[in-house]
Amino acid sequence: MVSSPADDDPADTSTDGSVAALSEEELYAIVRIAAEDAVLGALGTLMLVGIGIVLIATGASALLANVTPATVLVSVVLIGFGVYLTTSSLGVIPPAREWL
């Protein structure tokens with residue numbers, strides 16, 4: 001059986017033809033919202049990774065500056081939360097909402 005050009009279209013993955021039935025304005029709105037979500041998701045991930053790195057650096061510098069029980073505790077908490085924030089933002093470990 002010879003396939004028609006319409007069957008080879010990679011953009012049309014639906015089986016009921018719903019993508020082909022969308023108007024140009026509806027398709028533009030869907031693509032714009034999807035692109036906006038992707039950009040905001042990437043910026044949010046970068047921001048959370050940056051905050052995590054700052055927390056790790058702050059905890060490490062506090063740990064190296066003074067070695068008292070209180071500063072060690074605060075430093076370990078900062079480093080632990082920074083590592084968690086960074087790894088969960090990058091998808092290495094699941095976020096806390098999935099644990100609970």
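Analysis parameters
Residues numbered from 1 in each chain as written. Predicted model: local features only at pLDDT ≥ 70, side-chain atom pairs only at ≥ 80, totals over all residues. Heavy atoms only, no water. Helix = DSSP H or I, 4+ residues; strand = E, 2+ residues; numbered from the N terminus. Buried < 20%, exposed > 50% of the residue type's maximum accessible area, 1.4 Å probe, protein only. Areas by Shrake-Rupley, 256 points an atom, 1.4 Å probe, with all protein chains shown as cover. Phe/Tyr/Trp six-rings, centres within 6.5 Å; stacked < 30°, edge-to-face > 60°. UniProt positions renumbered as here; feature names shortened; annotations may be inferred. Contact = heavy atoms within 4.5 Å.

**Q** Just give me the short version of the overall build of the protein chain, but keep the residues and values in it.
**A** Looking only at helices and strands, the protein chain has three helices and zero strands in total. Going from N to C terminus, the protein chain has its helices and strands arranged as α-α-α. Within the protein chain, the proportion of its 100 residues that are buried is 11%. Here the protein chain has roughly 7,600 Å² of accessible surface; of this, 72% comes from carbon and sulfur atoms.

**Q** Report on the packing of aromatic side chains, specifying residues and quantitative values.
**A** With the rule as written, the count across this model stands at two aromatic pairs. When the centroid spacing of 6.3 Å and the interplanar angle of 35 degrees are considered together, the rings of phenylalanine 81 and tyrosine 84 count as tilted. Taken together, the residues phenylalanine 81 and tyrosine 84, both in helix α2 (residues 69–89) and three residues apart, mark about one turn of the helix. An aromatic cluster is defined as three or more aromatic residues linked by ring pairs; in this entry it consists of Phe81, Tyr84 and Trp99.

**Q** Break down the UniProt feature "transmembrane region" (unreviewed entry) in the protein chain for me, with residues and values.
**A** Per the UniProt record, the feature "transmembrane region" (unreviewed entry) sits at residues 38–64 and 70–93. The annotated region residues 38–64 carries 100% helix and 0% strand content, and the separation between its end C-alpha atoms amounts to 39 Å. Taken end to end, residues 70–93 is 83% helix and 0% strand, and its first and last C-alpha atoms sit 29 Å apart.

**Q** Can you lay out the environment of valine 72 for me, pointing to particular residues and giving the numbers?
**A** Tracing the chain through its elements places valine 72 in helix α2. Taking relative accessible area as the criterion, valine 72 reaches 28% and is therefore assigned partly exposed. With twelve residues separating them along the chain, valine 72 and alanine 60 place their C-alpha atoms 9.5 Å apart. Excluding residues within four positions of it along the chain, valine 72 makes contact with Leu63 and Val67.

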